[in-house]
Amino acid sequence: MADLTASGFSACPACDAAPLAQRLADRAEVAQGTVILSLPTAHCATCITDVETALTAHPGVRNARVNLTLRRVTVEAPGLAADDLIPVLARVGYEAHELDPDALSATTADRQGRDLLMRIGVSGFAMMNIMILSVAVWSGAESATRDLFHWISGAIALPTVFFAGQPFFRSAWAAIRVGRLGMDVPISLALILASAISVYETMESGHHAYFDAAAMLCFFLLIGRYLDHRTRAIARSAAAELTALEVPRAALLVDGAEQTVPVASLRPGDLIRVRPGARIPADGEIVEGRSEIDRALLTGETLPVLAQPGQMLSAGEVNLTGPLTLRVTAAGRDSSLARLTTLVEAAEAARGRYTSLAERASRLYSPSVHLMALCSFAGWMWMTGDLRLAVNIAAAVLIVTCPCALGLAVPAVATAASGRLFRRGLLIKDGTALERLAEVDTVVFDKTGTLTLGRPTLVSDDPLPADLRPVARALAQASAHPLSVALAAALTDEPAELSEVTEHPGFGVSARWGGRPVRLGRADWLGVSDHEDRPTSATWLAVERQAPVRLEFTDELRPGAADCVARLRKAGLRVLLISGDRPAAVADLAARLGIDDHRAAVDPQGKEAMVADLAAQGGHVLMVGDGLNDTAALARAHASISPASALDAARVASDMVLTGSDLVPVAEAVALARLATRRIRQNFAISIAYNIVAVPLAVAGMVTPLIAALAMSLSSITVTLNALRLRD
Amino acid sequence: MEMLSILIPVSLGLGTAGLVAFIWALRSRQFEDPKGDAERILSDKWDDRPKPD
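Computed from a prediction, not measured in an experiment: that's the story for all the values here.

1. Describing the overall build of chain B
So, point 1. The secondary structure content of chain B amounts to two helices and zero strands.
So, point 2. Counting only carbon and sulfur atoms, one obtains 66% of the accessible surface of chain B, whose full area is about 4100 Å².

2. Points about the environment of A409 of chain A
Residue and element names in this part refer to chain A.
So, point 1. For A409, the location among the structural elements is in helix α14 (residues 404-424).
So, point 2. When its relative accessible area of 0% is taken as the criterion, A409 is described as buried.
So, point 3. Separated by 20 residues in the primary sequence, A409 and K429 place their C-alpha atoms 20 Å from one another.
So, point 4. With near-sequence residues (within four places) excluded, A409 lies in contact with I680, N683, F684 and V719.

3. Observations concerning the interface of chain A and chain B
So, point 1. Each partner contributes residues to the interface: chain A has 28 residues there, and chain B has 27 residues.
So, point 2. Carbon and sulfur atoms make up 61% of the surface buried where chain A meets chain B, a total of about 2300 Å² over both sides.
So, point 3. Contact with chain B buries area across many residues of chain A, yet R65, R114 and M118 of chain A alone supply 25% of it, more than any other trio.
So, point 4. Our count for the chain A to chain B interface comes out at one salt bridge.
So, point 5. Residue R40 of chain B is joined to E52 of chain A by a salt bridge in which the shortest nitrogen-to-oxygen separation is 3.0 Å.
So, point 6. The interface formed by chain A and chain B contains three residue pairs in polar contact (both at pLDDT 80 or more).
So, point 7. Elements supplying a minimum of two residues to the side of chain A that touches chain B: α3 (45-57), β2 (63-67), α5 (102-138) and α6 (143-164) of chain A.

4. Considering the UniProt feature "transmembrane region" (unreviewed entry) in chain A
Residues and elements named next belong to chain A.
So, point 1. UniProt records the feature "transmembrane region" (unreviewed entry) at residues 116-136, 148-169, 181-203, 209-227, 364-383, 389-414 and 684-700, using the numbering of this structure.
So, point 2. Between the C-alpha atoms that bound residues 181-203 there is a distance of 32 Å. The span itself is 87% helix and 0% strand.
So, point 3. Helix makes up 89% of residues 209-227 and strand 0%, whereas the separation of the span's terminal C-alpha atoms amounts to 30 Å.

5. Brief notes about the packing of aromatic side chains
One pair of aromatic rings is described through two measures. These are the centre distance and the angle between the planes.
So, point 1. Under the counting rule described, the total for this entry stands at two aromatic pairs over all chains.
So, point 2. Centre to centre, the rings of F22 of chain B and F31 of chain B are 5.8 Å apart; their planes meet at 55 degrees, and the pair counts as tilted.
So, point 3. Accessibility expressed as a relative area gives 22% for F22 of chain B, which makes it partly exposed.
So, point 4. By relative accessible area, F31 of chain B is classed as partly exposed at 43%.
So, point 5. The ring of F163 of chain A carries R119 of chain A above its face, with NZ or CZ at 4.7 Å from the centroid.

6. Concerning the packing of α6 of chain A against helix α8 (residues 184-203) of chain A
Residue and element names in this part refer to chain A.
So, point 1. Interaxial distance between α6 and α8 falls to 10 Å at its minimum, and their mutual angle equals 155 degrees. Between α6 and α8, the crossing angle belongs to the class labelled roughly antiparallel. At the point where α6 passes α8, the crossing takes the left-handed sense. Counted together, D147, H150, W151, L158 and V161 of α6 and L191, S195, V199, T202 and M203 of α8 form the full contact between these two elements.

7. Points about the sheet that holds strand β15 (residues 442-445) of chain A
All names here are of chain A.
So, point 1. Pairing is mixed in the open sheet, where seven strands are placed in the order β14-β26-β25-β24-β15-β22-β23. Only two strands of the sheet have a single partner each, and these edge strands are β14 (426-428) and β23 (597-599). Neighbouring strand axes in the sheet, compared pairwise and without regard to direction, differ in orientation by 20 degrees on average.
So, point 2. In this sheet, strand β24 (residues 621-624) lies alongside β15 in parallel orientation, the contact comprising four bridges. Directly across from F445, in β24, lies its bridge partner V624.
So, point 3. Each of β15 and β22 (574-578) touches helix α20 (residues 561-570); the most contacted strand, β15, lies at about 160 degrees to it.

8. A closer look at the UniProt feature "transmembrane region" (unreviewed entry) in chain B
So, point 1. When the UniProt feature table is mapped onto this chain numbering, "transmembrane region" (unreviewed entry) sits at residues 6-26 of chain B.
So, point 2. Structurally, residues 6-26 of chain B comprises 100% helix and 0% strand, and the distance from its first C-alpha atom to its last is 30 Å.

9. Some points on the domain arrangement of chain A
So, point 1. On domain assignment, one finds that chain A holds domain 1 (2-105), domain 2 (107-238 + 354-415 + 675-724), domain 3 (249-349) and domain 4 (454-555).
So, point 2. If you average the C-alpha positions of domain 2 of chain A and of domain 4 of chain A, the two centres end up 73 Å apart.

10. Remarks on the confidence of the model for chain A
All names here are of chain A.
So, point 1. Per-residue confidence for chain A gives a mean pLDDT of 79, with 85% of residues at or over 70.
So, point 2. Within chain A, no element has a lower average pLDDT than helix α1 (residues 2-10), which sits at 35, and none a higher one than β15, at 91.
So, point 3. Low pLDDT, under 50, characterises residues 1-31; the predicted model gives this stretch 58 contacts beyond four residues in sequence or across chains.

11. Some thoughts on α14 of chain A
All names here are of chain A.
So, point 1. The terminal C-alpha atoms of α14, which comprises 21 residues, lie 30 Å apart, in line with the 30 Å expected from a rise of 1.5 Å per residue.
So, point 2. Here α14 lies mainly inside the structure; 16 of its 21 residues are buried.
So, point 3. One or two steps after α14, the chain reaches G425, where phi turns positive at roughly 100 degrees.

12. Some points on the sheet that holds strand β17 (residues 499-504) of chain A
Residues and elements named next belong to chain A.
So, point 1. Reading across from one edge, β16-β21-β20-β19-β18-β17 is the order of the six strands in this open sheet, with antiparallel pairing throughout. Pairing within the sheet leaves two strands with one partner each, and these edge strands are β16 (452-458) and β17. Averaged over all neighbouring strand pairs, the angle between strand axes comes to 20 degrees, with direction disregarded.
So, point 2. As paired elements, strand β19 (residues 516-521) and strand β20 (residues 537-543) share four bridges and run antiparallel to each other. Looking at the pairing, R519 lines up with A542 of β20.
So, point 3. Strands β18 (508-513), β19 and β20 of the sheet are contacted by helix α17 (residues 469-477), whose axis makes an angle of about 60 degrees with β19.
So, point 4. In the packing of helix α21 (residues 583-593) onto the sheet, contacts are made with β16 and β21 (549-557), and the angle to β21 comes to roughly 55 degrees.

13. A short note on the pairing of strand β8 (residues 283-288) of chain A
All names here are of chain A.
So, point 1. Here β8 runs beside strand β13 (residues 324-330); their pairing, made up of five bridges, is antiparallel. Residue G284 lies in a different strand from β13, and its bridge partner there is V328.
So, point 2. Of the strand pairs in this sheet, β8 and strand β11 (residues 312-313) are connected by two bridges, and their pairing is antiparallel. By the bridge assignment, G284 is partnered in β11 with L313.

Conventions we followed
- Residues numbered from 1 in each chain as written.
- Chains lettered and ligands numbered in written order.
- Predicted model: local features only at pLDDT ≥ 70, side-chain atom pairs only at ≥ 80, totals over all residues.
- Heavy atoms only, no water.
- Helix = DSSP H or I, 4+ residues; strand = E, 2+ residues; numbered from the N terminus.
- Areas by Shrake-Rupley, 256 points an atom, 1.4 Å probe, with all protein chains shown as cover.
- Buried < 20%, exposed > 50% of the residue type's maximum accessible area, 1.4 Å probe, protein only.
- Contact = heavy atoms within 4.5 Å.
- Buried area = accessible area lost by both parts, 1.4 Å probe.
- Salt bridge = Lys/Arg side-chain N within 4 Å of Asp/Glu carboxyl O.
- Polar contact = N/O pair within 3.5 Å; in protein donor to acceptor, adjacent residues only side chain to side chain.
- UniProt positions renumbered as here; feature names shortened; annotations may be inferred.
- Phe/Tyr/Trp six-rings, centres within 6.5 Å; stacked < 30°, edge-to-face > 60°.
- Lys NZ or Arg CZ within 6 Å of the ring centre and 35° of its normal.
- Axes fitted to C-alpha atoms, helices over the stretch in contact; angles between N-to-C directions.
- Parallel < 35°, antiparallel > 145°, perpendicular 65-115°, else oblique.
- Left-handed = near helix turned anticlockwise from the far one by under 90°.
- Pairing = 2+ DSSP bridges.
- Domains from an automatic or database assignment.
- pLDDT = per-residue confidence, 0-100.
- Expected span 1.5 Å × (residues − 1).

Written as structure tokens, this is what we have:
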């Protein structure tokens, strides 16, 4: 079910069924022949050898090749699926995830990248060779020699401009057709005008030709274009890797027999079976069975809730202990998940589109460049009446203002910053996320699963008498309930011999220990009274003729949570904790982390409304959350981050994803985003400063090809070096 | 000045050779995994010759 919504959240939140079927069909095709797995933990030469050796040793695998840059392995294994290969890697200690069919689009992105690299190579070659000839001309080659050099330069430059300039010509043409002036229109104009005028000048054996400038423009601008492409491609493949791959299926009961069907085909009235440990695929009423339900991802509650016949369950909750039979009341677009989706859609619309710094710069830049070129052409025409001179000067203005530095200003910084964040364990999914993150002044955290690991741990085993520990461990091992799992993990004693072990779904586990009945479970089942308003959850152990023992559990803090909150507050940000959990648990956690501002028992709509409220008061909110109940707030916030353990709906709705379990990168990301935005602004300032010097010279007709070449390369290199200061 | 008729073709030829080498490297996907290639030289598994693809 979660998957279903994920596909809905990403592209078209309302329609789930059709794209899902399409995705399943696509996946079947990819599965033939090659399997691509992501390897988030691979990082060294040993990892490469381990993974490749393990995979090639597996029968049926023809070839396996690790790509360490992308952290994935491509396996050629006809007839094998990812599910066969993931356990092979798990045995040698590597976590692996199947990549979804979107990985295919990543290969087209690679092709585009290679195409751009090829054009960079060609223009680089042309630029250097023409420059050798140009230096000779600048240092005083005369008459026939100069003409010869110009002709050779032209012979190299014209095909280069034709080939390497294509990305600019294409996007300029696309912009003109819809009546816009993009960055690429003045670039294309400069390239064409510079080439045309140089050919004319060469034929007339003139002094100046701009062939080197044309090739150099292509070279620098293509580098900017390539960096931009790479950042986007990485963001895209990151998003693709994150879309989890569990196929949303449900076990439909037809005449008492189970049938596995896609969730999308469920209709109200259908009977479905939900096994312990599975996610509930559709809203429904319990017909049969008792169990406990984990609602953490939907509401943020840490305590499991008792489920019995007659009770309504919502899609997305997790069934914990006993099998349940449900009558579907709402599926697909009517379900509570779909209602949440609508909320997310509305929230996204309310946030509006963010205009990036680069867009704002190019909106200012294009018209002013055209205007300046036109004015200098008109001015020189009017003053001298010399068409050749006027066109020459107009071309010089276009070349000199050409946004080499401007085109590099943003991509160079974005590449350096996102590379640094990737190494720290933060994936950026959206191109403007860094800029938005830099503006953030308020941080809203979710509790369960975000500040905590969403995993109970035993507070202390002190209340447990030493002789009962083996019994407790044995009872705990008999159940898959989260508290039992935590208890079993916390105790190290050899489990005691028990007989007649029975799990009572929704209540606990009972058994006999040397003839004495023993029980582990809920307080009310054991007949003791518990305090519900304590910040911790508890289970009880009862052994006949002994007082019941209360075992307290707390939700473990995510590593780095305290450090992260402290750093954010030190950076002057307002930190809030908004949770759907009980007030006592929220207050306890807030006190431990030093967060003064906290709200408990907030529903998803309430979370979104609070974020919207903060925004209305002029705040820029960073939302950090992991649950379905956070998705609307994540979509509404100015910027959003979710941990990798989050439900995929939440990860899709957020701009950035934490790959590790540590929270500290969140605080680092805010600091780095501010630094990156400052660098981008500096870069704009550098290119503007260079234009302020160069443009008046060009308009005055004093720019020679030598000055143009110097100014162009110096500004581009300055901007790139400034961006590289961001690397660590 | 006659030297030019030799020097110019030579310099262009050298440049072209570089360009061809770059295109070959690009086509044979040598820029796909720079980090992996840097690590692979440390592996003694394919020490004597490159791993066949």
